[in-house]
Amino acid sequence: MPAFSDPSQQNPTGQTPLRIGVMASGNGSNFEALVQAIDAGTLAAEIRILVVNNPGCGAQLRAERLGVPCTVLDHRVLKERDQLDQALVNCFRSAAVEVVVMAGWMRIVTPVLINGYADRLVNIHPSLLPSFKGLDGIGQALAAGVKITGCSVHLVTAELDGGPILAQAAVPVDEGDDHATLSEKVHREEHRLLPEAINARIPIWRQG
Ligand code: GAR
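Bear in mind that the values here come from a model prediction, so they are computed numbers and not experimental data.

S.K.: How should the nonpolar core be read in this particular structure?
M.R.: Note that soluble globular proteins tend to have their nonpolar side chains buried in a common cluster. Formed by 40 residues in total, the largest nonpolar core has its most connected members in Ile-47, Leu-50 and Leu-194. Counting residues per element, this core draws most heavily on helix α6 (residues 179–207), which supplies eight residues. Excluding its chain neighbours within four sequence positions, the residues that come into contact with Leu-50 are Val-22, Met-23, Ala-24, Phe-31, Ala-59, Gln-60, Ala-63, Val-68, Pro-69, Cys-70 and Thr-71. Counting 22 residues, the second-largest nonpolar core is a separate cluster that includes Met-23, Phe-92, Met-102 and Trp-105.

S.K.: How should the site of the ligand be read in this particular structure?
M.R.: In the vicinity of the ligand, the residues found are Asn-27, Gly-28, Ser-29, Asn-30, Gly-104, Met-106, Ile-124, His-125, Pro-126, His-187 and Glu-190. Take Ile-124: an N or O atom from its main chain is 3.5 Å from an oxygen atom of the ligand. In isolation the ligand has 450 Å² of accessible area, and contact with the protein removes 88% of it. Judged by the fraction of its atoms near the pocket grid, the ligand is located in the largest pocket. When residues of the shell around the ligand are traced back to their parent elements, those giving at least two are α1 (29–40), β5 (121–125) and α6. Taken together, the residues of the shell around the ligand break down into three nonpolar, seven polar and one charged.

S.K.: I'm lost on the sheet that holds strand β1 (residues 18–24) in this one. Help?
M.R.: Backbone-to-backbone hydrogen bonds join strands into a sheet, with any given pair of strands oriented parallel or antiparallel. Taken in spatial order, the seven strands of this open sheet run β3-β2-β1-β4-β5-β6-β7, and their pairing is mixed. At either margin of the open sheet sits one strand with a lone partner, and together these are β3 (70–72) and β7 (165–172). Taking each pair of neighbouring strands and ignoring which way they run, the sheet shows an average axis angle of 20°. In terms of strand pairing, β1 meets strand β2 (residues 45–52) through seven bridges, oriented parallel. Within the sheet, the bridge partner assigned to Ile-20 lies in β2 and is Ile-47. Its contacts with the sheet put α1 on β1, β2 and β4 (99–102), and the angle it makes with β2 is roughly 165°. Each of β1, β2, β3 and β4 is contacted by helix α3 (residues 81–94), which is oriented at about 150° to β2, the strand it contacts most.

What counts as what
Residues numbered from 1 in each chain as written. Predicted model: local features only at pLDDT ≥ 70, side-chain atom pairs only at ≥ 80, totals over all residues. Heavy atoms only, no water. Core = buried A, V, L, I, M, F, W, Y, C linked by side-chain atoms within 4.5 Å. Buried < 20%, exposed > 50% of the residue type's maximum accessible area, 1.4 Å probe, protein only. Helix = DSSP H or I, 4+ residues; strand = E, 2+ residues; numbered from the N terminus. Contact = heavy atoms within 4.5 Å. Near = heavy atom within 4 Å. Polar contact = N/O pair within 3.5 Å; in protein donor to acceptor, adjacent residues only side chain to side chain. Areas by Shrake-Rupley, 256 points an atom, 1.4 Å probe, with all protein chains shown as cover. 1 Å grid on protein atoms, 1.4 Å probe; cavity = no way out; pocket = protein on both sides within 12 Å on 5 of 7 lines; lining within 4 Å. Sits in = over half its atoms within 2 Å of the grid points. Nonpolar A, V, L, I, M, F, W, Y, C, P; charged D, E, K, R; others polar. Pairing = 2+ DSSP bridges. Axes fitted to C-alpha atoms, helices over the stretch in contact; angles between N-to-C directions.

Take a look at the structure:
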């Protein structure tokens, strides 16, 4: 591990690492891509905490393997959306998190979180927004028969998948692509785009 993966150290760019919190619901490959970008020195950040809502999900297992602190906030226990989001805010504030990244978070978020981290809440979505908002962006693209889809990184506002777009990448839909093959291609782009978009935004977050 490079020395700068120690959060107490500065990274090679000389910047103080941005303290980020990550939210994930499933496999967690985007979460791991963030860890890898930090270790590669291309994302000037440190992950203070991962929060998952599904106990035992892939993201949690990855955090254990990677040595990232992980908290489970189960939506079956914290049943009200506001209650879950307040617990998320509390958790991130306790960890001194500056920016929160929704890396495959499959719950709708409320103003409790959106306003708690206003302009500092980032989401990755598997489509070229504003197309194919909501659930299963990949399946929606296949059903629509588009020849190009992709992924978007955006700030989260009260409008579902409707906040300002920070970055996008296009992915061709090839003849014979199915959900699995298209999902793999979109994920490959997401893993590059998400850390890149966060890193590019750091100067603006630092100002405000
Ligand atoms: C990613 O494709 C992400 O864009 C999507 O979930 C996947 C998570 O993959 N997010 C949404 O659909 C949010 N509406 P991962 O768990 O392997 O990172």
